[in-house]
Amino acid sequence: MSFRVVRSSKFRHVYGQALKREQCYDNIRVSKSSWDSTFCAVNPKFLAIIVESAGGGAFIVLPHNKVGRIPADHALVGGHKGPVLDIAWCPHNDNVIASGSEDCVVKVWQIPDGGLSRTLTEPVVDLLYHQRRVGLVLWHPSALNVLLTAGSDNQIVIWNVGTGEVLIHIDSHPDIVFSACFNWDGSKLVTTCKDKKIRIIDPRTGDIESEALCHEGSKATRAIFLRHGLIFTTGFNRSSERQYSLRAPDALSEPIVMVDLDTSNGVMFPLYDPDTNLVYLCGKGDSVIRYFEVTPEPPFVHYINTFQTPDPQRGIGLMPKRGCDVSICEIARFYRLNNSGLCQVITMTVPRKSELFQEDLYPDTLSDEAAISAEDWFAGADAEPSLVSLKDRVLIVQGGYVSSSHGQQLNVTKKSNVLDKGKPNILNSAAKKLQHSNNNHDQSNNNTTDSNDSGTHTTSKYQEREPSPIPPPEPAVPPVTQADLKALHDEIRKLKAVIVKHENRIRALEAQAKSRDEENNITEQKAQAPDSTSTPVRTNLAPDEV
């Protein structure tokens, strides 16, 4: 007698449910770029989506409570000169986001609480190094203000955003870098490249520790580190069939699992939840979301279920666990971008009858506090990410999370530039002079008041005890020089000359039109008058002449 044993798993009955249209985000002009990116980034405060924008690149940032139809003139983050290719929220500050663009520049932005009221064009810092478009931005999981960028110039750069300088430059890829991912404590880096190879790199030195063939297909591949050290990859085989694999870092060339999925053309993005060890596969152009559970038992990657939707997806974003609603046992929330401009919200829920906090579903998750500074990490120290208990430190406010770092600002302290030492700061000197003149003026007024009220001792004491507040100085205006006046007079003189020239031309044209009209009138009169040179006809003829 044979029977089948069903694998025991608390995530075997996870189901997905799409929210109603009025609870989603509509009328969003999603970017039409062909770059393989998710076009979406989410954190517990904001939703960011790369959109189409005339005259450069931009992305929209929406608070989670701003649902429904988005106005066409909504404020954007639009400081790039080329289309934005990738965006990523800082894991240690929910108000900071980084963006990479085709203009070869990486910008870091500070989003105010409550969202944008007008278009934001001034970033906190510009990171300039790449010579070609930047298609990948990635934050370090545990170190503060450490950002990785990769561009089409085959270069990987690791920045210290706090100082705006380059920490490490990695030049070990012969072609475009498709993806990059840090391991759990940020001490290793896995990358996939257009040369079909997967590499494990030391991010501090740039040395390649191991490399192997990832997938045999020529299309884009993706690789992520799992929490316990294994590597999960997605790609294509020689027949352009999509597949995924599970590998060990010390044996990259020998996959533990290699499974073929289907024959679709879209690149699959693996989204990983380290708390539950669930991997969600979301393909570009697909209408499904497949999710798997990774366990130590064979076959190691267990298929759970598929969430089906009628519309194909253009991009997708995954909410961190800090933003999930624990009151309904929600373990994941996706923000799915459709071609019609709808951002659909999908919740993944584990069915439970109890309304109490489920500790087996919500272990300690990633916190918004950094575990180590950028300087210590660069010096060689490693630290696992800081964890937080959702039971003790989470506030359920409309099913969301209130960050403990409310109003935290990103401070950028750039190092002094030798070339800037000899450059005078005109505005600062002018402001100091204006402040000095205002102080002198206020002091003279106080002296005058004291001399006038010398007989009243109470008034002088009151003035000494509570002096009148000094008004803040007005912004300094640079003085107008003689060269500026001369240039202004020259411009006025040129404009007058142009006006006189146009007036003369208009007069000449009017004279020509007048003479042409007179000639036409004379011609018409001649045509209407009888001919004076012809012989007149006699009507009274004599009889003999007849």
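Just so it is clear, the model here is predicted, and its values are computed rather than measured.

**Some remarks on the environment of Val294**
You can see Val294 is positioned in strand E26 (residues 288-294). For Val294, a relative accessible area of 10% corresponds to the buried category. With 17 residues separating them along the chain, Val294 and Asn277 place their C-alpha atoms 5.7 Å apart. Setting aside residues up to four positions removed in sequence, Val294 forms contacts with Leu226, Leu246, Asn277, Val279, Phe300 and Val301.

**Some details on the side chain of Lys284**
Inspection of the secondary structure puts Lys284 in the loop between strand E25 (278-283) and E26. No salt bridge is formed by the buried Lys284, whose closest oppositely charged neighbour, Asp36, lies at an N-O distance of 4.2 Å. Looking at Lys284, its side chain comes within polar contact range of the main-chain oxygen of Trp35, at 2.8 Å. Setting aside residues no more than four positions away along its own chain, Lys284 makes contact with Ser33, Ser34, Trp35, Asp36, Ser37, Phe39, Gly266, Val267, Phe269, Gln313 and Arg314.

**As for unusual backbone geometry**
Negative phi characterises most residues that are not glycine, and trans characterises most peptide bonds. Cis geometry marks the peptide bond from Pro298 to Pro299, where omega comes out at 0°. Within the secondary structure layout, Pro299 lies in the loop between E26 and strand E27 (301-308). A positive phi angle, close to 65°, is found at Asn27, a residue other than glycine. Tracing the backbone through its elements, the reader meets Asn27 in the loop between strand E2 (25-26) and strand E3 (40-42). Residues other than glycine seldom take positive phi values, yet Cys104 does so here, at roughly 70°. Tracing the backbone through its elements, the reader meets Cys104 in the loop between strand E9 (96-101) and strand E10 (105-110).

**A few points about the packing of aromatic side chains**
Under the defined criterion, the tally for this structure stands at ten aromatic pairs. Ring geometry for Tyr129 and Trp159: centres 6.5 Å apart, planes at 85°, overall edge-to-face. Separated by 30 residues along the polypeptide, Tyr129 in the loop between strand E11 (125-128) and strand E12 (134-139) and Trp159 in strand E14 (residues 156-160) bring together distant segments of the chain. Judged by its relative accessible area of 1%, Trp159 falls in the buried class. Seen from their ring centres, Phe232 and Tyr244 are 5.5 Å apart, and the 15° between their planes marks the pair as stacked. Of this pair, Phe232 sits in strand E21 (residues 231-236) while Tyr244 sits in strand E22 (residues 242-247); the two residues are twelve residues apart in sequence, bridging distant segments of the chain. Neither Phe232 nor Tyr244 differs from the other in exposure class; each is buried. Through a chain of ring-to-ring contacts, three or more aromatic side chains come together here, namely Phe232, Tyr244, Phe292 and Tyr303. Against the face of Phe236 rests Lys219, its NZ or CZ located 5.1 Å from the ring centre.

**Focus: the pattern of salt bridges**
Between side chains of opposite charge, pairing is possible as soon as their charged atoms come close. A full pass over the atoms with the stated rule returns 20 salt bridges. For the salt bridge of Arg199 with Glu211, the shortest nitrogen-to-oxygen distance reads 3.1 Å. Within this pair, whereas Arg199 is found in strand E18 (residues 197-201), its partner Glu211 is found in strand E19 (residues 208-213), the two being separated by twelve residues in sequence. Judged by its relative accessible area of 4%, Arg199 is buried. Asp275 is paired through a salt bridge with Lys321; the nearest N and O atoms lie 3.5 Å apart. In this pair, Asp275 is assigned in the loop between strand E24 (268-273) and E25 and Lys321 in the loop between strand E28 (313-318) and strand E29 (330-338), connecting sequence segments 46 residues apart. Side by side, Asp275 and Lys321 carry an identical accessibility label, which is buried. Several salt bridges converge on common partners, so that one network encompasses Arg227, Asp273, Asp275 and Lys321.

**Describing the sheet that holds strand E17 (residues 189-193)**
With antiparallel pairing, four strands are arranged side by side in an open sheet as E16-E17-E18-E19. Where the open sheet ends on each side, the last strands, each with one partner, are strand E16 (177-182) and E19. Each adjacent strand pair in this sheet contributes to an overall mean axis angle of 15°, direction not counted.

**Some thoughts on the pairing of E21**
Buried residues dominate E21, accounting for six of its six residues. Alternating positions in E21 separate into two faces, Ile231, Thr233 and Gly235 on one and Phe232, Thr234 and Phe236 on the other, with burial throughout. Of the pairings in the sheet, the one linking strand E20 (residues 222-225) to E21 comprises four bridges and is antiparallel in character. Directly across from Ala223, in E21, lies its bridge partner Thr233. Where E20 hands over to E21, the hairpin turn is made up of five residues, of which Gly229 adopts a positive phi near 105°.

Quick notes on the rules
Residues numbered from 1 in each chain as written. Predicted model: local features only at pLDDT ≥ 70, side-chain atom pairs only at ≥ 80, totals over all residues. Heavy atoms only, no water. Helix = DSSP H or I, 4+ residues; strand = E, 2+ residues; numbered from the N terminus. Buried < 20%, exposed > 50% of the residue type's maximum accessible area, 1.4 Å probe, protein only. Contact = heavy atoms within 4.5 Å. Lys, Arg positive; Asp, Glu negative; His and termini not counted. Salt bridge = Lys/Arg side-chain N within 4 Å of Asp/Glu carboxyl O. Polar contact = N/O pair within 3.5 Å; in protein donor to acceptor, adjacent residues only side chain to side chain. Phe/Tyr/Trp six-rings, centres within 6.5 Å; stacked < 30°, edge-to-face > 60°. Lys NZ or Arg CZ within 6 Å of the ring centre and 35° of its normal. Pairing = 2+ DSSP bridges. Axes fitted to C-alpha atoms, helices over the stretch in contact; angles between N-to-C directions.

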